[in-house]
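# Fold and contact review
Spelled out, the chains give:
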Amino acid sequence: MLAIGVDVGGTSIKSALIEIGDAKVAESYKIIKFHSLPTQARDGRDSIVSNIIKAIEVFDWEACDMIAVASAGTIEWNSGDVIYATDSLPGFTGLKLSKTLSERFGKRVVAINDAVGALVGEGFLGVGKNAESAMMFTLGTGLGASFLKSKNLDAASIIDTKLGHYKLYEGGRECACGDKGCAERYVSATALKKYGNDNLYQLFNANDVTQKNVLNNFYKDFTRVILRAVELYSPGLIIVGGGVIEMSKYWWQSFLKEYKSKCTTPISCASLGNKAGVLGAVYAMANGVFENQ
Ligand SMILES: [Zn+2]
């Protein structure tokens, strides 16, 4: 079987041509080609949609058995409609994403939220493939936290925990959600840049006390968020992904020292990098998750 997976973010649209042997077997998913182009989100909805189409057309789509899209925004599970999208994808709210693409290509297309796509990718094909359940944190602009409750792979088995807005500090830093002291104001790439160093590489390699303190607080704060996740959901595995993980060799071991002194739940860096979304979307479709789309 041949599939095309697409991952639509605010900055880039990634697409992959994926060969599948047995849909249920993780080892049989093979990325044959991978492509990335700018989303050009500022040009609005029509321009984004035409870039998604371009990202699919770079491959021989007519020869493909399925097309699956993971996209930023809240995507309705049964319809593939975008219920809500932030300014990162202007005009996307209300778009019938899977229907629009199905009509364009004359074949079935499914759509899924990008964080869900990454969670499914890591949970079934990446570091979580042997875990019974997994909580994935995404350290990026904000702090994503989605929970794969079981390997049933239906709407009920995937939970957006919203732990990024878990109150870490009463009366703390102001958050875009209107509240104060939310976890993502302390545990995210944005927070590390704002309070540590705009250049994360310099921050992770800094010798000065102020920046070292920022890092130590980050390790402690992140551990507290994970402890809360463990208390609420008891995940079998913690997976940490997002842009900050690309620099894991500079900070992961220091973080683990703090983490392991407080928590015994197994933890691992995400392993699929920027390919988790395309793989997760295709895995979900190949396993018949979206029979209503
Ligand atoms: Zn918040």
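Residues numbered from 1 in each chain as written. Predicted model: local features only at pLDDT ≥ 70, side-chain atom pairs only at ≥ 80, totals over all residues.

### So, helix 3 (residues 114-125)
Here helix 3 spans 16 Å end to end across 12 residues, near enough to the 16 Å set by a 1.5 Å rise per residue. Three or more residues of helix 3 are buried, namely D114, A115, V116, G117, A118, L119, V120, G121, E122, G123, F124 and L125. (Helix = DSSP H or I, 4+ residues; strand = E, 2+ residues; numbered from the N terminus. Expected span 1.5 Å × (residues − 1). Buried ≥ 20, exposed ≤ 12 C-beta atoms within 10 Å, placed from the backbone.)

### Looking at the domain arrangement of the protein
Taken as a whole, the protein is organised into domain 1 (2-118 + 274-286) and domain 2 (129-271). Centre-to-centre, using C-alpha coordinates, domain 1 lies 26 Å away from domain 2. Taken together, the seven residues of domain 1 in the interface contact 10 residues of domain 2. Every element with two or more residues in the side of domain 1 that touches domain 2 is listed here: helix 3 and helix 8 (276-286). (Domains from an automatic or database assignment. Contact = placed C-beta atoms within 7 Å.)

### Regarding the environment of M1
Here M1 is to be found in the segment before strand 1 (2-8). Spatially, the C-alpha atom of M1 lies 5.9 Å from that of E19, the residues being 18 residues apart in sequence. For M1, the residues in contact, after removing those within four places along its chain, are I20 and D65.

### Comments concerning helix 6 (residues 209-233)
Between the first and last C-alpha of helix 6 there are 36 Å, a value that for 25 residues agrees with the 36 Å anticipated at 1.5 Å per step. Inspection of helix 6 places F218, F222, T223, V225, I226 and A229 among the buried residues, and these make up the whole buried set. Tucked into the core, helix 6 has its buried residues touching strand 8 (134-139), strand 9 (143-148), helix 4 (189-195), strand 11 (237-241) and helix 7 (248-260). The positive-phi residue at the C-terminal boundary of helix 6 is S234, with phi of around 45°.

### Observations regarding the sheet that holds strand 4 (residues 66-71)
Strand order across the open sheet formed by five strands is 3-2-1-4-7, with mixed pairing between neighbours. Only two strands of the sheet have a single partner each, and these edge strands are strand 3 (29-38) and strand 7 (109-113). This sheet shows a mean twist of 20° between the axes of neighbouring strands, independent of strand direction. By the bridge criterion, five bridges tie strand 4 to strand 7 in an arrangement that is parallel. In the strand pairing of strand 7, V69 is matched with A111. Across the face of the sheet, helix 2 (residues 97-105) comes into contact with strand 4 and strand 7 while running at roughly 155° to strand 7. Helix 8 rests against strand 1, strand 2 (12-20), strand 3, strand 4 and strand 7 of the sheet, and its axis sits at about 130° to strand 4. (Pairing = 2+ DSSP bridges. Axes fitted to C-alpha atoms, helices over the stretch in contact; angles between N-to-C directions.)

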